[in-house]
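A look at the structure
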Amino acid sequence: MLLPFDYVRARSREEAVDLAIRAGAGGRFLAGGTDLLVRIHDRQLRPQVLIDLKGIVGIQAVSPRAGGGLVVGAATPLNRLISHEAVRAGYGLLAEAAHTVGSVQIRNRASLGGNISNASPAADTAPALLLYEAEIVTWGQAGERRIPISEFFKGPGATALSAGEFVFQVELPALKERSFGTYLKLGRTGAVDLSIVSVAALALEGGEVRLALGAVAPTPVRVREAEAILRNRKDQHAIREAAAAARRFAEPISDIRASKEYRLEMTEVLSARAIEQALRGLEAGAGARRGDRP
Ligand SMILES: Cc1cc2nc3c(=O)[nH]c(=O)nc-3n(C[C@H](O)[C@H](O)[C@H](O)COP(=O)(O)OP(=O)(O)OC[C@H]3O[C@@H](n4cnc5c(N)ncnc54)[C@H](O)[C@@H]3O)c2cc1C
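Residues numbered from 1 in each chain as written. Predicted model: local features only at pLDDT ≥ 70, side-chain atom pairs only at ≥ 80, totals over all residues. Heavy atoms only, no water.

The three strands lie next to each other as β1-β3-β2, forming an open sheet whose pairing is parallel. On the outer flanks of this sheet lie β1 (6-9) and β2 (27-30), each paired with one strand and no other. Strand-to-strand twist across the sheet, computed as the mean angle between neighbouring axes with direction ignored, equals 25°. In terms of strand pairing, β2 meets strand β3 (residues 49-52) through four bridges, oriented parallel. (Pairing = 2+ DSSP bridges. Helix = DSSP H or I, 4+ residues; strand = E, 2+ residues; numbered from the N terminus. Axes fitted to C-alpha atoms, helices over the stretch in contact; angles between N-to-C directions.)

Following this line, the structure appears as structure tokens:
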């Protein structure tokens, strides 16, 4: 049984912030509720008021970004994101990663903003957002703020959001080149499960290869050292070196889902595999169209 709480549907960004500030520690923003309501049910959280963000204009919309790219409303359900033509065409890695979240029923409600605001190190959309160098547009007491995704995650369950501030949109800048991305997620069951290790690789036509990891550090991380190794060399030796760099960079914990040692081993194996698949996909011409013409 759920403990009682008040429910308020905010009609504007200003109203949402106002309600959150007034509620203080007893308030929680609500998007899809797939995480929040489970936590309330399990008595991990006991909020007094839930502030539903879905009534705010634009918060469930996907639209072109001025100057190229896409703007995704934070409360956009993952299934809408996955099936959006511009997302599939220009940001296939994000669509692929979002598709691994939970089940179809979960993805019908779970939002992109909720996935990152949870700040789980295993959040499946986070590695892709790191590689697309997304910008998080927030709304708080001082109005709009823009936070690079690389500065958004502060630790397990912690973000750069301040009191009363929420994620309004996620901006995906235009990629100037054709790209191909791969997301590899290792879970315990292969079905509805959080990742034990996840790896995203994005190969760009100009020669750049980007790599990010999930579930193996306090936050999702981008591995710049591996990317530097692959800047001018993409042979098997370089891929193995880059994967070893990813393993060195990872700092996983042991928990009920996997040991630290297994996570390290799998980080290296999956990194090599993801890099190889991204490079092969790009070479085969399967890459996304230019992100600035989604
Ligand atoms: C069975 C099951 C399977 C799951 N599998 C996965 C999985 O495979 N991968 C994965 O990554 N996650 C998984 N999850 C977790 C969860 O479904 C996702 O993280 C989802 O994207 C959360 O989005 P939501 O809209 O439902 O968030 P909510 O539950 O509404 O909110 C989650 C948290 O974020 C806050 N929040 C929500 N929106 C905003 C916003 N715009 N600004 C600021 N704060 C906000 C809320 O206050 C709350 O603290 C699973 C959950 C369940 C129950």
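This part is about the pairing of strand β7 (residues 143-148). Summarising the sheet, strand β6 (residues 135-140) and β7 pair through six bridges and their orientation is antiparallel. Along β7, the bridge assignment pairs Val137 with Arg146.

This part is about the pattern of salt bridges. Oppositely charged side chains can form a pair if their charged atoms are brought close together. Counting across every chain of the model gives 23 salt bridges. Arg222 serves as the salt-bridge partner of Glu227, at 2.8 Å between the closest nitrogen and oxygen. In this structure, Arg263 and Asp255 form a salt bridge, with 3.2 Å as the shortest nitrogen-oxygen distance. The partly exposed category is assigned to Asp255, whose relative accessible area is 33%. (Salt bridge = Lys/Arg side-chain N within 4 Å of Asp/Glu carboxyl O. Buried < 20%, exposed > 50% of the residue type's maximum accessible area, 1.4 Å probe, protein only.)

Overall, antiparallel pairing links the five strands, which are arranged β4-β5-β10-β6-β7 in an open sheet. Bordering the open sheet on either side are β4 (62-64) and β7, each of which pairs with just one other strand. Geometrically, the sheet is characterised by an average inter-axis angle of 25° between neighbouring strands, direction not taken into account. Alignment of strand β5 (residues 69-73) against strand β10 (residues 166-173), held across five bridges, turns out to be antiparallel. What sits directly across from Val72, in β10, is Val170.

Time to look at the site of the ligand. Not every one of the 32 residues close to the ligand is listed here, only the nearest: Phe29, Gly32, Thr34, Ser111 and Asp124. Within the contact set of the ligand, an oxygen atom lies 2.8 Å away from a backbone nitrogen or oxygen of Gly33. Contact between the ligand and Ser117: a nitrogen atom at 3.3 Å from a side-chain N or O atom of the residue. If the ligand stood free it would expose 980 Å²; the protein chains cover 88% of that surface. When its residues are assigned to classes, the shell around the ligand shows 17 nonpolar, 10 polar and five charged. (Near = heavy atom within 4 Å. Polar contact = N/O pair within 3.5 Å; in protein donor to acceptor, adjacent residues only side chain to side chain. Areas by Shrake-Rupley, 256 points an atom, 1.4 Å probe, with all protein chains shown as cover. Nonpolar A, V, L, I, M, F, W, Y, C, P; charged D, E, K, R; others polar.)

Attention shifts here to the side chain of Ser111. Within the secondary structure layout, Ser111 lies in the loop between α6 (104-109) and α7 (112-117). There is a polar contact of 2.9 Å between the side chain of Ser111 and the backbone nitrogen of Gly114.

Attention now moves to helix α10 (residues 236-249). Under the 1.5 Å per step criterion, the end-to-end length of α10 is 20 Å for 14 residues, consistent within 8% with the ideal 20 Å. Every buried residue of α10 is listed here: Ala238, Ile239, Ala242, Ala243, Ala245 and Ala246. What you see down the axis of α10 is that its buried residues fit within an arc of 155°, all on one side. Those residues of α10 that are exposed and aimed more than 90 degrees away from the buried face are Arg240 and Arg248. (Expected span 1.5 Å × (residues − 1). Arc of directions from axis to C-beta.)

Moving on to the pairing of β5. Most of β5 is tucked away, with five of its five residues classed as buried. The two faces of β5 match: Gly69, Val71 and Gly73 on one face and Leu70 and Val72 on the other face are all buried. Two elements, β4 and β5, share three bridges in a ladder whose sense is antiparallel. In the strand pairing of β5, Val62 is matched with Val72.

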